[in-house]
Amino acid sequence: MLGGFLSLVAAVTFAFNNASARRGVLTGTLGQALAITVPIGVPMFFVAALAAGTLGMVFTFSPETVLALSAAGIIHFVIGRYCNFRATRAMGANLVAPLQQVSLVLTLGLAILILGETLTPLRLIGIALVVLGPMLTLRGESEQRTRPPRATDQAETFVEKLETGRPAAFQVNYAEGAVFALLSAVAYGISPILVRFGLASKDLGASLAAGLISYGAATLILVPLLFSSSRVRRLFAVEAEAAKWFTISGVTVCVSQMFLYMAFTVAPVSVVSPIQRISMVFRIYFGWLLNPHHEVFGGKVYLGTVVSLAGALALSLSTEVVLTHVPLPDWAAAIARWQWP
């Protein structure tokens, strides 16, 4: 129960992070986004671990644990976050979210192969729904996706911006967005396995020390890449508006990771990861509040989100719990209890 609650809080804060990051990349660069959102996690986890009295646990982890947590930080906070930011800039957080559900399938597959977790008919249904959701979201009129704006459209858009004082609706780049959304899904699918491996048999306090290691490794890799002589001027030329939203994004995603790391100490990957996907629901509402003119809304987006969310919920349910509340014939119950491997 505690693991589910921590996962839910992580989902809500992660959704707000996505909406605020989307607001930031409207005027800021991807390098600026990473330069602000990644290093900010180091002092936040340091202070949290210090306040909890678990900072010293950083030196008690085995080399294998440190390696796993460091790899998780680099894969998730550098590679995954870059791809997520780029996909979000290309087609908005609402369209990115269902595609990223594919990461759940990868996570569960690795959990079965590496962590010894099992596959059941209920989880197979969940995986099918998770895969179907993105297909529904991206399905639509090809003309609406590929038709370039006409001259009259551009003129009307310019006039609309002058008259209303708000930015015009953005042009969705489906190709770039889909590619980087899937790449981020791969990164986000691998990192939970590494975190769970590093936090196996650890307590809640160890999660803060583990997060510090992950963020520290990501920062050590990121700083030389971003702060070279050719990029420093562009990084420090960030506009105040973008810096504000990147900072908000960095803080909220760090809080999300704190709860997520704590969840991994008390619950298996097959429970934590699906519940965290509920962030898709909150992402739509936060996007509506913060970025109403820079997101795609509509029936297909909502349908794909609901289908993917149903898959995530199916993956998080225990077969025995379902059978307790939904009586089935003996033969059907036997099928429902099937496990692999």
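Residues numbered from 1 in each chain as written. Predicted model: local features only at pLDDT ≥ 70, side-chain atom pairs only at ≥ 80, totals over all residues. Heavy atoms only, no water.

## Here's the deal with the overall build of the protein
A tally of helices and strands in the protein yields 17 helices and zero strands. Expressed as a percentage of its 341 residues, the buried residues of the protein come to 50%. Across the protein, every contact between residues at least 6 apart in sequence was considered, and the portion connecting residues at least 24 apart equals 90%. (Helix = DSSP H or I, 4+ residues; strand = E, 2+ residues; numbered from the N terminus. Buried < 20%, exposed > 50% of the residue type's maximum accessible area, 1.4 Å probe, protein only. Contact = heavy atoms within 4.5 Å.)

## Quick notes on the packing of aromatic side chains
Summed over all chains, the structure comprises six aromatic pairs. Taking 5.2 Å as the distance between ring centres and 90 degrees as the angle between the ring planes, the aromatic pair formed by Phe16 and Phe286 counts as edge-to-face. With a gap of 270 residues between them, Phe16 in helix α1 (residues 2–24) and Phe286 in helix α14 (residues 279–290) connect regions that are remote in the sequence. When the ring of Phe77 is compared with that of Tyr215, the centres are 4.1 Å apart and the planes differ by 15 degrees; the resulting orientation is stacked. Taken as a pair, Phe77 in helix α4 (residues 63–100) and Tyr215 in helix α10 (residues 204–226) lie far apart in primary sequence, 138 residues in all. Neither residue differs from the other here; Phe77 and Tyr215 are each classed as buried. Cluster of aromatic residues (ring-pair linked, three or more members): Phe45, Phe77, Tyr215 and Tyr261. (Phe/Tyr/Trp six-rings, centres within 6.5 Å; stacked < 30°, edge-to-face > 60°.)

## Structural notes on α14
The end-to-end C-alpha distance of α14, which contains 12 residues, comes to 16 Å, matching closely the 16 Å that a straight helix rising 1.5 Å per residue would cover. Buried within α14 are the following residues: Ser279, Met280, Arg283, Ile284, Phe286, Gly287 and Leu290. Residues of α14 that are buried in the fold lie against α1, α4, α12 (240–266), α13 (269–276) and α15 (299–316). (Expected span 1.5 Å × (residues − 1).)

## Remarks on the confidence of the model for the protein
Confidence along the protein averages 83 in pLDDT terms, with 87% of residues attaining 70 or more. Element-level mean pLDDT values for the protein span from 38 in helix α7 (residues 142–146) up to 96 in helix α3 (residues 41–52). (pLDDT = per-residue confidence, 0-100.)

## Quick look at α15
Look at α15: 26 Å from first C-alpha to last across 18 residues, which is about the 26 Å you get at 1.5 Å a residue. If you check which residues of α15 are buried, you get Val301, Gly304, Thr305, Val307, Ser308, Leu309, Gly311, Ala312, Ala314 and Leu315.

## Thoughts on unusual backbone geometry
Generally, phi is negative for residues other than glycine and the peptide bonds are trans, each holding for most cases. Its identity is not glycine, yet Ser201 carries a phi of approximately 65 degrees, on the positive side. Residue placement: Ser201 occurs in the loop between α9 (174–199) and α10. We classify Ser201 as exposed; its relative accessible area is 79%.

## Some details on the side chain of Ser207
With respect to the helices and strands, the residue Ser207 is situated in helix α10. In terms of polar contacts, Ser207 uses its side chain to reach the backbone carbonyl oxygen of Leu204, at 2.4 Å. Not counting the four nearest positions on each side in its chain, Ser207 is found in contact with Phe45, Leu199, Tyr261, Met262 and Thr265. (Polar contact = N/O pair within 3.5 Å; in protein donor to acceptor, adjacent residues only side chain to side chain.)

## Topic: the packing of helix α2 (residues 30–37) against α10
Here α2 crosses α10 at 145 degrees, and the two axes come no closer than 10 Å. In this structure, α2 meets α10 at a crossing whose hand is left-handed. Touching Gly31, Leu34, Ala35 and Thr37 of α2 are Tyr215, Leu222 and Leu226, all from α10. Here the residues of the contact of α2 with α10 are counted per class, giving five nonpolar, two polar and no charged. (Axes fitted to C-alpha atoms, helices over the stretch in contact; angles between N-to-C directions. Left-handed = near helix turned anticlockwise from the far one by under 90°. Nonpolar A, V, L, I, M, F, W, Y, C, P; charged D, E, K, R; others polar.)

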